[in-house]
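Summary of the model geometry
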Amino acid sequence: MKLQKNISLKHLNTFGVDVSCKLFCSVTSTKEIEQLLLCDEFTKNNVLILGGGSNLLFTKDFNGLIVKNKVKGFETLSESKNNKIIKVGAGENWHQFVLWSIENGLSGIENMALIPGNVGASPMQNIGAYGVEAKDVIDKVWAVEIENGKEIILSNKDCQFEYRNSIFKNDLKDKVIITHVSFNLSKTPKKNTGYGDIMQEIKDLGMEVSTESICKAVIKIREKKLPNPDKIGNSGSFFKNPIISTSKFKDLKELNPEIIGYKISETEIKVAAGWLIDQCGWKGHRKGDVGVHKNQALVLVNYGKATGEEIITLAKKIQDSVKDKFDIDIHPEVNIIG
Ligand code: FAD
Ligand code: EPU
């Protein structure tokens, strides 16, 4: 394990914010993590565990130690007639894992193709897309407790998954390093085609419904809607879709018949924040190098030299305008590192 000093983070965060950190190291195994926990550099500094850097925003140089998780590997833990449990290293790239699962005849995560980042971050905010969430397939999460170096194993239930939320963003925030995640994948195609344009896109591709065609369709839809972080800096949806009461949604719908909401329970509706922000006139906005993407108002972008503070300033203006127009609070999905 090599500790480096004053490392640039520009290419380690998909927003492309040009900041650096005081100390940096990579870890490749649980053993290395346990050793790291005993080092002065770890115990005497602020520490941030980094995956693919696709869901965070640095507002300034990080005055501490960044630990890049590079724990790799795929392992079959068990197999039944219909399912396989696959344990994956936290440092594996998520999209490569999706492709690997399809190549190995397994289904369950194809709707989440092309989500950037690493497997280890997938339980953090319970990633989700096109009708499937990580919580639908996660079996267990392996982690090392920072305080005492002990390994813990959390069941799916222990993780307290909710929409873009889990125990790792609450009780276990900054307390554990996730080393592995196991997934319960199906040997028969799940065929989750109910969400949005998936069916249309499969038809346009001239394919039958299959695990592979769903993956291809999702990739096509995402490439149309979302900016590629290799070309324009961004962290995907900057805000979460707000959840409001059904009665408040009814009142808003009378005034705004076009408002988009999805029922999540008898009493709650999840509102499309992209629509709210769009209605406030932000889509395509640009000031200097900070902007709101032209196809998706939920995505804030860095055209080049934007700073984290500039992005936060724009985010606050957007929050205020949504509050003024709709009386709805929207909250960041992105982890703000200050
Ligand atoms: P990072 O950004 O590196 O880290 C995120 C947080 O998790 C940080 O707080 C970090 O400290 C913590 N963390 C990371 N790894 C570990 C670990 N091993 N142990 C402990 N803590 C850890 N998300 C969705 O849910 N759905 C989408 O459809 C989606 N689309 C996106 C599209 C684009 C273009 C982009 C740029 C992002 C998108 N995202 C989406 C957000 C992002 O890809 C996911 O949140 C992803 O899981 C982040 O993974 P990461 O490895 O990059 O995490
Ligand atoms: N919309 C607008 N204007 C916009 C953007 C969206 O009117 O500028 C409307 C769309 O027309 C659509 C609705 O809002 O009717 C929802 O838009 P979309 O289907 O693009 O989904 P989203 O709610 O904006 C969520 C996730 C994405 C995920 C997609 C697909 C959140 C915060 N975002 O986006 O996840 O990929 O659904 O499932 O839940 C991420 O988390 O980073 C992310 C990209």
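Per chain, the residues get numbers from 1 upward, laid out in the order the sequence is written. Whichever chain is written first is A, and whichever ligand is written first is 1; the rest continue in order. In keeping with the model being predicted, local features are shown solely for residues with a pLDDT of at least 70 and side-chain atom pairs are shown and tallied solely at 80 or more, while totals for entire chains, interfaces and linings include all residues. No hydrogens and no water enter the side-chain calculation; it runs on all heavy atoms of the structure.

1. What to know about the domain arrangement of the protein chain
- Each assigned domain of the protein chain is listed with its residue range as follows: domain 1 (4-69), domain 2 (74-186) and domain 3 (233-337).
- Between the C-alpha centres of domain 1 and domain 2 the distance comes to 21 Å.
- At the interface, 12 residues of domain 1 touch 15 residues of domain 2.
- At the boundary of domain 1 with domain 2, total buried surface from both sides reaches about 1000 Å², with 64% on carbon and sulfur atoms. Boundaries between domains were set according to an automatic or database domain assignment. The contact rule is simple, with two residues in contact once any of their heavy atoms fall within 4.5 Å. Buried area is understood as the total, over both parts, of accessible area removed when two parts are fitted together, assessed with a 1.4 Å probe.

2. Quick notes on helix α3 (residues 94-103)
- Note on exposure labels: buried denotes an accessible area under 20% of the residue type's maximum, exposed denotes more than 50%, and partly exposed covers the range between, all computed with a 1.4 Å probe on protein chains only. Strands here mean DSSP runs of E at least two residues long; helices mean DSSP runs of H or I at least four residues long; both are numbered from the N terminus. Trp 94, His 95, Phe 97, Val 98, Ser 101 and Ile 102 are the residues of α3 that are buried. In a view along the axis of α3, the buried residues occupy a sector of 155°, so they form one face of it.
- At the N-terminal end of α3, a side-chain oxygen is found 3.0 Å from the backbone nitrogen of His 95, two or three residues along, and the residue is Asn 93.
- Backbone geometry just after α3 places Gly 105 at a positive phi near 70°. An arc is given here, and it is the one of the directions from the helix axis to the C-beta atoms. Residues adjacent in sequence count toward polar contacts only when both atoms are side-chain atoms; beyond that, a polar contact is any pair of N or O atoms within 3.5 Å, and within protein one must be able to donate a hydrogen and the other to accept it.

3. Looking at the site of ligand 1
- Whether a residue is near a molecule or strand depends on its heavy atoms: if one lies within 4 Å, it is near. By nearness alone, 32 residues border ligand 1, and Ile 49, Gly 51, Gly 52, Ser 54 and Arg 222 come closest of all.
- The separation between an oxygen atom of ligand 1 and a polar main-chain atom of Gly 52 is 2.7 Å.
- One of the backbone N or O atoms of Pro 116 is found 2.9 Å from an oxygen atom in ligand 1.
- Contact with the protein chains removes 93% of the 980 Å² of surface that ligand 1 exposes when unbound.
- Elements that contribute at least two residues to the shell around ligand 1 include exactly β3 (46-50), β8 (128-129), β12 (176-186) and β13 (233-237). Note on areas: Shrake-Rupley, 1.4 Å probe, and residue coverage restricted to the protein chains presented here.

4. Points about the site of ligand 2
- In the region of ligand 2, 23 residues are neighbours, and Tyr 163, Asp 278, Gln 296, Ala 297 and Glu 333 sit closest.
- Measuring from an oxygen atom of ligand 2, one finds a side-chain N or O atom of Asn 241 at 2.9 Å.
- Computed on the free molecule, ligand 2 has an accessible area of 830 Å², of which 82% lies beneath the protein chains in the complex.
- When contributions to the shell around ligand 2 are tallied by element, the ones reaching two or more residues are α5 (211-225), β13 and α7 (273-279).
- With three residues, the single largest contributor to the shell around ligand 2 is α7.
- Within the shell around ligand 2, the residues separate by chemical class into 11 nonpolar, five polar and seven charged.
- Counting the residues that make up the shell around ligand 2, at least three belong to each of domain 2 (74-186) and domain 3 (233-337). For this classification, the nonpolar set comprises Ala, Val, Leu, Ile, Met, Phe, Trp, Tyr, Cys and Pro, the charged set comprises Asp, Glu, Lys and Arg, and every other residue, Gly included, is treated as polar.

5. A word on the packing of helix α4 (residues 198-205) against α5
- It is the contact of α4 with α5, at a shortest axis distance of 9 Å, that shows an interaxial angle of 105°. One way to sum up the angle between α4 and α5 is to call them roughly perpendicular. Along its contact with α4, which presents Ile 198, Glu 201, Ile 202 and Leu 205, the element α5 presents Ser 213, Ile 214, Lys 216, Ala 217, Val 218, Lys 220, Ile 221 and Lys 224.
- Within the contact of α4 with α5, the residues separate by chemical class into seven nonpolar, one polar and four charged. Axes here mean lines fitted to C-alpha atoms, for a helix over just the part in contact, with angles spanning 0 to 180 degrees between N-to-C directions. Any angle between 65 and 115 degrees counts as roughly perpendicular, while under 35 counts as roughly parallel, over 145 as roughly antiparallel, and the rest as oblique.

6. Here we look at the packing of aromatic side chains
- For Phe, Tyr and Trp, rings pair up if their centres lie within 6.5 Å, where Trp contributes its six-membered ring, and each pair is then called stacked (planes under 30 degrees apart), edge-to-face (over 60) or tilted (otherwise). One pass over the full model with this rule turns up 10 aromatic pairs.
- On the numbers, 6.3 Å between centres and 65° between planes, the contact of Phe 15 with Phe 238 is edge-to-face. Of this pair, Phe 15 sits in the loop between β1 (4-8) and β2 (20-27) while Phe 238 sits in the loop between β13 and β14 (243-245), and the two are 223 residues apart along the sequence.
- Among the residues examined, Phe 15 registers a relative accessible area of 1% and is labelled buried.
- Aromatic pair Trp 94 and Phe 97: ring centres 5.6 Å apart, planes at 80°, arrangement edge-to-face. Linking Trp 94 with Phe 97, this pair stays in helix α3, spanning three residues, or about one helical turn. Each of the two residues, Trp 94 as well as Phe 97, counts as buried.
- Note on criteria: charge over ring means Lys NZ or Arg CZ within 6 Å of the ring centre, with the direction from the centre no more than 35 degrees off the ring normal. Above the ring of Trp 142, the side-chain terminus of Lys 87 is found at 4.2 Å from the ring centroid.

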